Amino acid sequence: MAEAHQAVGFEFTVIPEGTDAQLSHQALTEIYLSAVHSWKKCIIRIKNSVIKGVYPASPFSWLFVVIAILATMYTRSDPSMGLIAKIQENLPVSQSLSTQCKVLLSAVIFSTMLWLLLIFTMRLCLKQLLSYHRWMFEPHGKMSTTTKVWVALVRIFSGRKPRLYSYQGSLPNLPVPAVKDTVKRYLESVRPLMDDAQYERVAKLAAEFESSLGNRLQWYLKLKALWVTNYVSDWWEEYVYLRGRSPIMVNSNYYVMDFLYVTPTPIQAARAGNTIYAMLLYRSKLNKEEIKPPAQWLLRSAVPCCSYQFERMFNTCRIPGTLTDTVHHWNDSECIVVYHKGRFFQLCVYQEGRLLCPREIEFQIQRILDDPSAPSKGEAKLGALTAGDRTPWARARAKYFSSGVNKKSLDCIEKAAFFVTLDDEEQGIMGDNLRESLDHYIKSLLHGKCYKRWFDKSFSVVFYKNGKSGLNGEHSWGDAPVLSHLWEYTLATECFQLGYNAEGHCKGEVDASLPKPQKLNWEIPSECEEQICQSLALAQALANDVDMHVVVFRDFGKAKVKKCRVNPDAFIQIALQLAHYRDQKRFSLTYESAMTRLFREGRTETVRSCTNESCAFIRALEGGETTDVCRRLFRTACEKHQRLCRMASTGAGFDRHLFCLYVVSKYLGVESPFLKEVLSEAWQLASSHVPHQMIDLFDTVNHPEYLCYGGGFGPVTDGGYGVCYLMLGGDVLTLHVSCKNSCPATDARKFGAQIRTALHDLIQLLSPNPKEPLK
């Protein structure tokens, strides 16, 4: 094995007297520098743990408390009210300690106890303050006196320079809603989708559940909430993501696009060099907890959000199992794995304890591109195992990859910082057909050829032959806004800080003595190749069935919507409802994700956007009602939608509660017709909004073209649409639409055209002099 020879640090020669080991100075230097690198990381972790453990105070505040207590004692007063004397009496008798030393030691012990008590009190106060969410429900621009006082108190108790995980111990736990409230909100959400007979049947099931089984299940759920930080997240990760046995490609994984109208460099290796370096810089900041804590903003103050999902962004892989998958995270990795033309290469991104510069990473990537070696038997399409059903992949992994060279190579992939694909295709805006080229581009990011990505990795970076790039993210470890945070930082750092020289290469010098990237070796038997072919056939059938379309809407954006005094997200959601009604001639169950990261370990909650109010507006608009009536109904629908979003974000949603009640019923072995009906409902329209989070890193005035145009995901159901939208700046909106070709009732391009028309109709309705008729 080539990599085994590279790892040898000693040269052995056999002589008559015995074995003579000649030490390799270079190898020992490398070992020493690696150890120093590891020790530094260990020290950083300990330092961060201390700072996080005493937050919102600082470690130096301990010294201040000690000095203050000693200074008070120097004035012959006792701030401890006799406690220091009690501590002194109970100190172990030691002949080596004088009376003065015992007094000093007792004072230090008391000061430390007082300091810890103050920290605990401050953290408890901050946790209670962060449980206040009324500010979310106040009208925009109108803040109550209570909220202003609350903002001031949060500032006082939040400390000066919070780190990424500083707030984790102070965030409130997600509350468990009352069964009565959950049932009431659910019935309200399904009313516009059912006729009187259907609604009466469901209402009867709900009443029976509320009066009998619901209280029993709720008791177990409240008991769980007392013992865990979040009563939803662990079950959501396990049962929604990890226990799914169908392919995660298309069904679970998602993608994020590159810049649309600009390519920083057409050189594939150079683009990879800067991007990989920027990502590793982000990881370094993440390890040092120098990333600013995510927050929602109010009156120039940050309301902290949970940072838990950032912990598993790098060095993480989903491991297949026969019944359930698991997510494995490693503390560190100095390597990435690169796929190119059917070969897997391990690329070490550190040399003698330092991170390679962008030019050196480009040099190493170019070596892989120029490598003439052929793939091993069965290696070229090995990644298809991660694109097929989970159980066959788990069995193949246990049988063919649990020992020997296959295990070593698989370990390199799974333990890598992330996965890189050097694709030999060109993507982006190709030729004059913008629509077709973009649709082909996003399909490539979502699934590619089904074997050029390692879909189990936390994320894979794809670099195309013409310099375009993008991300494919695995969903179980974290949600899209977290990965988008990394991608925005990466794009901004790559273009505005690192840059490229006149020839399009990365800046910097190259150390020509760098060892070559190591090609991973495989021994794939014929039986395993058969399984690879089966997984590939299944994945290709799934990929071919996906219809994707990008709507780049430049006619107006959120700036114009805000001028109409309408919330932009509510505006788009109503437009999606209108477009879907025109496309399907009916109202359907609609999903919009809302973040619950105001709570510890919070992930998402469902907002059911199809409401009585939105349906009333659409009926009026399509029925030819007057402009004033339509405007009034539209604003009522927007207000209802905003209220639902705020309730979901503040723990008053009901879908996750119903999901957890269903899980408890399965553990108890009891059947609930009501819960079974709720959990079997199909989302005909699934939507998500991923906001720009680091817009301050982009110069949108001088370089408006340097904006990421969002990402998307596959359709949630066979007969439904998936829509992911992003509002760029003030005048651009992108919507990524997906559906399935096998469903005759859906068409991504047709639905995209309906969305465009709906957006124009709504803005025309809100304009001062709308033209009649509106339809």
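Residues numbered from 1 in each chain as written. Predicted model: local features only at pLDDT ≥ 70, side-chain atom pairs only at ≥ 80, totals over all residues. Heavy atoms only, no water.

Draft legend 1. Spotlight on the overall build of the protein. The secondary structure content of the protein amounts to 24 helices and 22 strands. Relative to the compact-globule value of 28 Å for 775 residues, the protein shows a C-alpha radius of gyration of 29 Å, a close match. Each principal axis of the C-alpha distribution contributes one length, and for the protein these read about 95 × 80 × 60 Å. For the protein, buried positions account for 53% of its 775 residues. Considering only contacts in the protein between residues 6 or more positions apart, those separated by 24 or more positions represent 78%. If you sum the accessible surface of the protein, you get close to 35,200 Å²; carbon and sulfur atoms cover 56% of it. For the protein, the distance from the average position of its 90 positive side-chain charges to the average position of its 78 negative side-chain charges is 6 Å. (Helix = DSSP H or I, 4+ residues; strand = E, 2+ residues; numbered from the N terminus. Rg over C-alpha atoms; globule rule 2.2 N^0.38 Å. Buried < 20%, exposed > 50% of the residue type's maximum accessible area, 1.4 Å probe, protein only. Contact = heavy atoms within 4.5 Å. Areas by Shrake-Rupley, 256 points an atom, 1.4 Å probe, with all protein chains shown as cover. Lys, Arg positive; Asp, Glu negative; His and termini not counted. Charge placed at Lys NZ, Arg CZ, Asp CG, Glu CD.)

Draft legend 2. Here's a closer look at the confidence of the model for the protein. Overall, the prediction assigns the protein a mean pLDDT of 88, with 90% of residues at 70 or greater. Taken together, the stretch residues 1–21 has pLDDT below 50 and engages in 23 contacts with residues farther than four places along the chain or on a different chain. (pLDDT = per-residue confidence, 0-100.)

Draft legend 3. How the structure looks around the sheet that holds strand β18 (residues 604–608). Taken together, 6 strands build an open sheet; the order of strands is β16-β22-β21-β19-β17-β18 and the sheet is mixed. Strand pairing shows two members of the sheet lacking a second neighbour, β16 (546–553) and β18, which therefore form its edges. The average undirected angle you get between the axes of adjacent strands in this sheet is 20°. Strand direction decides the pairing type here: strand β19 (residues 685–689) and strand β21 (residues 721–728), joined by 5 bridges, are parallel. Bridge assignment links S688 to a residue of β21, and that residue is C724. (Pairing = 2+ DSSP bridges. Axes fitted to C-alpha atoms, helices over the stretch in contact; angles between N-to-C directions.)

Draft legend 4. The arrangement of the sheet that holds strand β13 (residues 459–463) in detail. Read from one edge of the open sheet, 8 strands run β15-β9-β8-β12-β13-β14-β3-β20, paired in mixed fashion. Where the open sheet ends on each side, the last strands, each with one partner, are β15 (518–519) and β20 (711–713).

Draft legend 5. View of the pairing of β21. For β21, a buried count of 8 out of 8 residues is recorded, marking the element as mostly surrounded by other parts of the structure. Residue alternation in β21 divides its side chains into two sets, Y721, V723, Y725 and M727 and G722, C724, L726 and L728, and both sets are buried. As judged from the 7 bridges shared by β21 and strand β22 (residues 732–740), these two strands associate in the antiparallel manner. Looking across to β22, one finds that C724 is bridged to H736. In this structure, the hairpin formed by β21 and β22 is closed by a connection of 3 residues, where G729 is found at a positive phi of approximately 55°.

Draft legend 6. Highlighting the pattern of salt bridges. Tallying each qualifying case throughout the model produces 36 salt bridges. In this structure, K640 and E188 form a salt bridge, with 2.6 Å as the shortest nitrogen-oxygen distance. Here K640 is found in helix α21 (residues 627–649), whereas its partner E188 is found in helix α7 (residues 179–190), with 452 residues between them in sequence. Take K640: its relative accessible area is 14%, and that puts it in the buried class. With a closest N to O distance of 2.8 Å, R318 and D325 form a salt bridge. Assigned by exposure class, R318 and D325 land together as buried. (Salt bridge = Lys/Arg side-chain N within 4 Å of Asp/Glu carboxyl O.)

Draft legend 7. Region of the structure containing the UniProt feature "active site" (unreviewed entry) in the protein. The UniProt entry lists H475 under the feature "active site" (unreviewed entry), expressed in the numbering used here. The residue H475 is located in the loop between β14 (469–473) and α16 (480–498) in this model. Here H475 falls in the buried class, since its relative accessible area comes to 18%. Excluding its chain neighbours within four sequence positions, the residues that come into contact with H475 are Y241, S252, N253, Y254 and R603. (UniProt positions renumbered as here; feature names shortened; annotations may be inferred.)

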